[in-house]
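What follows is the residue order along each chain.
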Amino acid sequence: MTRTPLRPLARILKARAQGENPDVIERENLRLRHEQMRDAARSRAEVRLLILGFSFFLAFSAIGVRMGVLSATEAAEPRSFASGAEILAQRADITDRNGRVLATNMLTHALYAHPKDMVDPARVAKELAAIFPEMKADDLTRRFTDGRSFIWLRKVLSPEQMQQVHEIGDPGLLFGPREMRLYPNGTLAAHILGGSSFGVEGVHSAEVIGTAGIERAMDARLRDPALSATPLELSVDLTVQAAVEEILGAGVTMLNAKGGAAIIMDVKTGEILSLASLPSFDPNNRPNPVLPKDAEPGDSPLFNRAVQGVYELGSTFKIFATAQAMELGLVGPDTLVDANAPMQWGKHRIREFQNKNYGPLATVTDVIVKSSNVGTARLALQIGGLRQQEFLKSLGFFDPTPIELTEAPGAKPLLPARWPDIVTITTSYGHGMSASPLHLAAAYATIANGGITVKPTLLKQSGPQAGVRVMREEVADASVEMLRQVVTRGTASLAEVPGYEVAGKTGTADKPRRTGGYYKDKVINTFASVFPASDPRYVVLVTLDEPVETSGTEPRRTAGWTAVPVAAEITRRIAPLLGIRPVVEAPPADRLTAVRN
Amino acid sequence: MRPVIYVLSFIAVLGLGFWAYREHYDTRQALRDVSRLNSEIAGLREALALQRAEWAYLNRPDRLRELASLNFERLGLMPLEPSQFGDAANLSYPAVDEFFGDINNSVMVNGQLNPEEEPL
């Protein structure tokens, strides 16, 4: 840039010659220069502003475009990292204690229709009716043509059915993926597993929700996305469960029983190794039976007799009376008590089975071994109603069982409203109050566990439970010894399984009529046992509903002839499966060698 | 000096652009691979779950029991019995030899005979 001098000599000289002030020229030039500088600065600032404005525009429009794109496009899953198994299975598997699958998921498809896209609704309806027997062609045609745009047709399809629907080849028939709950073992452990169904259904997926049993009780755990890759391990042993259901089924058939239940429970951990109830059902296809009005709830195959069935459990309760009497120091196993039958109490008369009399005096052990109603009644009167209630409460007989089944909280024991002496008497031999077989199993487990309470559980445990002590260890051991004698020389002689030292108590209770009173020829037979008696490990409990044993001249309905042989067969089969080796009991010493010479 | 910087930076821009172009396509290819692998893994997992279910179905106790009774003549399988438990004390061990005691393995001996000695 060429600079113009502020005082150009030519103009200065000229001005001086004319007598003008040359400083005017300088000021004029200075002004012009300043104007030039100002114009340059302004134009530079204008360019800068323009650039700045343009960059702001770019930045804001980039953000705006990005926001627009984000809001306008469908969300895509992040693809840059590997997905875990949890994305596939939305519900965790259920396995037994050894990891064998009890419930798992399978991918199938649901069928739905868009009738407005259908080419030939009438033909589609006819062909669908040919594939699925439950669909009717007329009905489908009507639904396809009444103007709706969406219809669910089927919740799940087998691969063959899906292929057949494909072959219809109509664009209006569409498939949606479905995760289906599958119980590969069929009816096995049906009452534990319960069943499941679809909750909220969409085209792309549907939620699977538990409808009964452990599926419903543990629904939150099974649906927890963080835990869906780890299966829920139950305490149940599949092999033991299969053996128990087989033998119980055979027993129910042979004894013409209406149903039955069996429970195998670990006395230290409280784990339920097997819980069976007959009749059973298939959880893959959970029935919805319509029962006649006068039917008992137990007539439904869905009814879990072991947990929901509250029955008067009969003489199996007697051991609680003797155990409490020993705990309170009132008697010992060999103390003689008044067992003179019949016993008159007010207007009630307490009799023995078949009007026998085990008295006038009998030891406490004999009261249990011979199952004397009068003997236990006398002991219960010594204990008193309040202490009896407290003891039964500590054994868990006053509350629903804490087992992880959705049916359990509803099965509250039926207790008499008041507790006069006659209730104390009848409760001591298992009448007047009703509890579920599971309550009884838990109470026997407490005795077998040395007097420390055990809560039944269906989840695999890592160690013994820390329960509350409700009786001294000597009392518990003496009670087990009494139960052992019931088998060796008492009412449960058929329960003997060589090598396994079974100890147990029979119970035969008349079924109460709905209208009041009791049936004469309908009984509930129960056998509660523990084995091996020298170091109890397991409780085996069998309950049969209305069994009758007809091999003799007249029908026999006592537990000793019905529930006991079934329980013995169960023990014989499951003890080796549980890895318990038989104990070789020393034969009684020969009389000749016992004498010293 | 300045033109050199201009040329160099222009070349650098070209190079970086080319590099970014390559990276972009490599990334897209990698993402495609990952999603293909993911869907393959999902398919395999699904197949695995199905096979596990089928394994459980084929090994259900009812079926095994039926198969065992169908093939009883060939296999002779019975439920486990208490009498099948044995005791180590009941095993018959080989009898101890009177002369050799419990030495029952042959012993190899290596050595050299003294040639001056009379052989035995």
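The structure displayed is predicted, hence computed values, not measured ones.

Novice: How would you summarise the overall build of chain A if you had to cite specific residues and measurements?
Specialist: Helix and strand counts for chain A come out as 18 helices and 16 strands. The C-alpha radius of gyration of chain A comes to 42 Å, more than 25% above the 25 Å expected for a compact globule of 597 residues. Oriented by its inertia axes, the alpha-carbon framework of chain A measures out at about 170 × 70 × 55 Å. Counting across all 597 residues of chain A, residues that qualify as buried make up 43%. Within chain A, contacts between residues separated by at least 24 positions form 69% of all contacts whose residues are at least 6 apart in sequence.

Novice: Give me the domain arrangement of chain A: which residues, what numbers.
Specialist: Interface extent is often summarised as the accessible area lost during association of the parts. Residues and elements named next belong to chain A. Taken domain by domain, chain A comprises domain 1 (88-230) and domain 2 (240-577). Counting residues at the interface gives 20 residues for domain 1 and 17 residues for domain 2. If you list the elements that add at least two residues to the side of domain 1 that touches domain 2, you get α6 (190-193), β6 (206-212) and α7 (213-217). A breakdown of the residues in the side of domain 1 that touches domain 2 according to their chemical character gives eleven nonpolar, seven polar and two charged.

Novice: Explain the interface of chain A and chain B residue by residue, including any values.
Specialist: Taken together, the contact pairs 30 residues of chain A with 22 residues of chain B. Those elements giving two or more residues to the side of chain A that touches chain B turn out to be β2 (101-113), α9 (238-254) and α17 (563-577) of chain A. When its residues are assigned to classes, the side of chain A that touches chain B shows 17 nonpolar, eight polar and five charged.

Novice: I'd like to hear about helix α10 (residues 318-327) of chain A, residue by residue, with values.
Specialist: Side chains of residues three or four places apart in an α-helix project in the same direction, reflecting 3.6 residues per turn. Counting buried positions along α10 of chain A gives nine out of ten residues, so the element sits mostly inside the fold. Burial in α10 of chain A covers these residues: K318, I319, F320, A321, T322, A323, Q324, A325 and M326 of chain A.

Novice: Can you lay out the sheet that holds strand β16 (residues 538-545) of chain A for me, pointing to particular residues and giving the numbers?
Specialist: All names here are of chain A. Read from one edge of the open sheet, five strands run β9-β8-β16-β15-β14, paired in antiparallel fashion. Two strands bound the open sheet, and with one partner strand each, they are β9 (272-278) and β14 (503-512). The average undirected angle you get between the axes of adjacent strands in this sheet is 10 degrees. The pairing of β14 with strand β15 (residues 518-531) spans nine bridges and is antiparallel. Of the residues in β15, the one forming a bridge with G507 is T526. Lying over the sheet, helix α15 (residues 437-448) contacts β8 (259-266), β15 and β16, oriented at roughly 150 degrees with respect to β16. Helix-sheet contacts for helix α16 (residues 473-489) involve β14 and β15, and the interaxial angle to β14 is about 75 degrees.

Novice: So what's going on with the packing of helix α3 (residues 121-131) of chain A against helix α5 (residues 159-168) of chain A? Which residues, and what values?
Specialist: Residue and element names in this part refer to chain A. The geometry of α3 relative to α5 is characterised by a closest axis approach of 10 Å and an angle of 160 degrees between their N-to-C directions. For the element pair α3 / α5, the angle class is roughly antiparallel. The handedness of the crossing between α3 and α5 is right-handed. Contact with α3, carried on its side by V124, E127 and I131, involves Q161, Q164, V165 and I168 of α5 and no other residues of that element. Of the residues that constitute the contact of α3 with α5, the class distribution is four nonpolar, two polar and one charged.

Novice: Lay out the packing of α9 of chain A against α17 of chain A with the relevant residues and their values.
Specialist: Residue and element names in this part refer to chain A. It is the contact of α9 with α17, at a shortest axis distance of 10 Å, that shows an interaxial angle of 160 degrees. Overall, the two elements α9 and α17 adopt an arrangement that is roughly antiparallel. α9 and α17 meet at a crossing whose hand is right-handed. On the side of α9, the interface is formed by T239, V240, A243, V244, I247, L248 and G251, while α17 contributes V566, E569, I570, R573, I574 and L577. Considering only residue class, the contact of α9 with α17 consists of nine nonpolar, two polar and two charged.

Novice: So, the environment of A41 of chain A: which residues are in play, and what are the values?
Specialist: All names here are of chain A. Position of A41 relative to the elements: it lies in helix α2 (residues 22-72). The exposed category is assigned to A41, around which 10 C-beta atoms lie within 10 Å. Between the C-alpha atom of A41 and that of W419, which follows or precedes it by 378 residues, the distance is 108 Å.

Novice: Summarise the nonpolar core; cite the residues concerned and give the values.
Specialist: Grouped burial of nonpolar side chains is what soluble globular proteins tend to show. Residue and element names in this part refer to chain A. Core analysis: the biggest nonpolar cluster contains 129 residues, and I263, A441, V530 and V539 have the highest contact counts within it. The biggest single contributor to this core is α15, with nine residues. A domain split of this core shows at least three residues from each of domain 1 (88-230) and domain 2 (240-577). When residues no more than four places from it in sequence are discounted, the contact partners of I263 are I272, L275, A306, P437, L438, A441 and L541. Among the nonpolar cores identified, the runner-up in size contains eleven residues, and A113, L140, F144 and L157 belong to it.

Novice: Please set out the pairing of β2 of chain A residue by residue, giving values where relevant.
Specialist: Where a strand is regular, its side chains alternate between the two sheet faces. Residue and element names in this part refer to chain A. The pairing of strand β1 (residues 94-95) with β2 spans two bridges and is classified as antiparallel. If you follow I94 over to β2, its bridge partner there is A103. What sits between the antiparallel neighbours β1 and β2 is a turn of five residues, in which G99 has the positive phi angle 85 degrees. Bridge analysis of β2 against strand β4 (residues 173-182) gives ten bridges, and the strand direction is antiparallel. Within β4, the residue paired with N105 across the bridge is R181. By the bridge criterion, four bridges tie β2 to strand β3 (residues 151-157) in an arrangement that is antiparallel. Of the residues in β3, the one forming a bridge with Y112 is W152.

Novice: If you had to explain unusual backbone geometry to someone new, which residues and values would you point to?
Specialist: Residues and elements named next belong to chain A. Look at the link from L278 to P279: it is a cis peptide, with omega at 0 degrees. Positionally, P279 belongs in the loop between β9 and α10. P532 follows F531 through a cis peptide bond whose omega is -20 degrees. Within the secondary structure, P532 is located in the loop between β15 and β16. Of note, A189 is a non-glycine position whose phi angle comes to about 55 degrees, a positive value. In this fold, A189 is placed in the loop between β4 and α6. The exposure class assigned to A189 is buried, which follows from the 28 C-beta atoms found within 10 Å.

What counts and how
- Residues numbered from 1 in each chain as written.
- Chains lettered and ligands numbered in written order.
- Predicted model: local features only at pLDDT ≥ 70, side-chain atom pairs only at ≥ 80, totals over all residues.
- Helix = DSSP H or I, 4+ residues; strand = E, 2+ residues; numbered from the N terminus.
- Rg over C-alpha atoms; globule rule 2.2 N^0.38 Å.
- Buried ≥ 20, exposed ≤ 12 C-beta atoms within 10 Å, placed from the backbone.
- Contact = placed C-beta atoms within 7 Å.
- Domains from an automatic or database assignment.
- Nonpolar A, V, L, I, M, F, W, Y, C, P; charged D, E, K, R; others polar.
- Pairing = 2+ DSSP bridges.
- Axes fitted to C-alpha atoms, helices over the stretch in contact; angles between N-to-C directions.
- Parallel < 35°, antiparallel > 145°, perpendicular 65-115°, else oblique.
- Left-handed = near helix turned anticlockwise from the far one by under 90°.
- Core = buried A, V, L, I, M, F, W, Y, C linked by C-beta atoms within 7 Å.

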